[in-house]
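Observations on the model geometry
Below, each chain spelled out in residue letters.
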Amino acid sequence: MKVLIFDTAEAAAQRCAAHLLDRVRENPCAVLGLATGGTMLPVYDRVATTYLAERVSFSQVTTFNLDEYVGLASKHVCSYHSYMRVALFDRIDIDLGKTHIPKGDAVDLAAEARAYEQQITASGGIDLQLLGIGQNGHIGFNEPTSSLASRTRVIVLTEETRHANRIYFTKHADTPRRAITMGIGTILAAKACLVLGTGEGKSDAIAAMIEGPLSARCPASALQMHPAVTVIVDRAAAAGLKLGDDYQRVHPNGA
Ligand code: GLP
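This report concerns the structure included in the present document.

Rules and cut-offs
- Residues numbered from 1 in each chain as written.
- Predicted model: local features only at pLDDT ≥ 70, side-chain atom pairs only at ≥ 80, totals over all residues.
- Heavy atoms only, no water.
- Axes fitted to C-alpha atoms, helices over the stretch in contact; angles between N-to-C directions.
- Helix = DSSP H or I, 4+ residues; strand = E, 2+ residues; numbered from the N terminus.
- Parallel < 35°, antiparallel > 145°, perpendicular 65-115°, else oblique.
- Left-handed = near helix turned anticlockwise from the far one by under 90°.
- Contact = heavy atoms within 4.5 Å.
- Nonpolar A, V, L, I, M, F, W, Y, C, P; charged D, E, K, R; others polar.
- Near = heavy atom within 4 Å.
- Polar contact = N/O pair within 3.5 Å; in protein donor to acceptor, adjacent residues only side chain to side chain.
- Areas by Shrake-Rupley, 256 points an atom, 1.4 Å probe, with all protein chains shown as cover.
- Pairing = 2+ DSSP bridges.

The next point concerns the packing of helix H1 (residues 9-26) against helix H2 (residues 41-54). H2 packs onto H1 with a crossing angle of 50 degrees between their chain directions and a minimal axis gap of 8 Å. As the angle between them shows, H1 and H2 are arranged oblique. Classified by chirality, the crossing of H2 by H1 is right-handed. For the pair formed by H1 and H2, the contact residues are Ala13, Gln14, Cys16, Ala17, Leu20, Leu21 and Arg25 on the first element and Pro42, Val43, Arg46, Val47, Thr50 and Glu54 on the second. Tallied by class, residues from the contact of H1 with H2 come to eight nonpolar, two polar and three charged.

Right, let's talk about the site of the ligand for a bit. With respect to spatial proximity, 14 residues lie near the ligand, and among them Gly38, Thr39, Asp67, Phe141 and Lys202 are the closest. Interatomic distance of 3.1 Å between a side-chain N/O atom of Asn165 and an oxygen atom of the ligand. Protein chains bury 90% of the 390 Å² of accessible surface belonging to the ligand in isolation. Taken together, the residues that form the shell around the ligand break down as four nonpolar, eight polar and two charged.

The parallel open sheet is built from seven strands, whose spatial order is S1-S10-S9-S6-S2-S3-S5. Looking at strand neighbours, the two that pair on one side only are strand S1 (2-6) and strand S5 (99-100), the edges of this open sheet. In the sheet, strand S6 (residues 128-131) pairs with strand S9 (residues 193-197) via three bridges, with the strands oriented parallel. Opposite Leu131, over in S9, you have Val195 as the bridge partner. Packing of helix H7 (residues 203-211) onto the sheet brings it into contact with S1, S9 and strand S10 (229-234), and relative to S10 it is tilted by some 155 degrees.

This is the structure we're talking about:
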């Protein structure tokens, strides 16, 4: 893994946005895997402002989001469909017909999961998968003990994850209990992965992902098996790394 450590969360998010934008400049038809969560908001903000300033066109880009809550219609204000519209899609020239997010209100969720995998395959596969990380080490919504070979499917969320996402809902009881998510096997099939982790709350998960044993206990540790992973963290999220000084020597100031 290439580990880049930045002094601030803002600098880390900026670097993450620059990485994403560079891939689109290189390949205007890129297939991007996108993530949600609070960590990604400054990234998408930076992407949108750069789009305005430099007209980096997204019109040919295809996207696949990692996940969606089960039971929420696309128009629900707390759905990841709404998140993506507000945070990014409505701010750039992307063709909404080329964006994909699993349908959390599909009548047949197993069929929706199968169709999602087929759509990813038909697109030629994901060129760059953007990833946040949960405090328990989840990527997408692949909670601890998810199979490291899992594909898109419905998963029951842990109470820890429901509590972490509670801030986006009016009350805990409204926080969804299930999600439909790309599997870890789906994520590992991407040609490259870009992980962003910021804040002290992520330091244990980041350390387990990079330096811990390969284990379903920390689903993100599966990324150790992927040949092209870049991890971008701020100092707070890097605090648990035993070899942090080494990473900084190899890539001083994120270079
Ligand atoms: C959420 C999402 C993940 C995200 C993670 C961290 O539940 N399903 O894709 O990476 O948890 O979220 P945040 O950035 O808000 O901490």
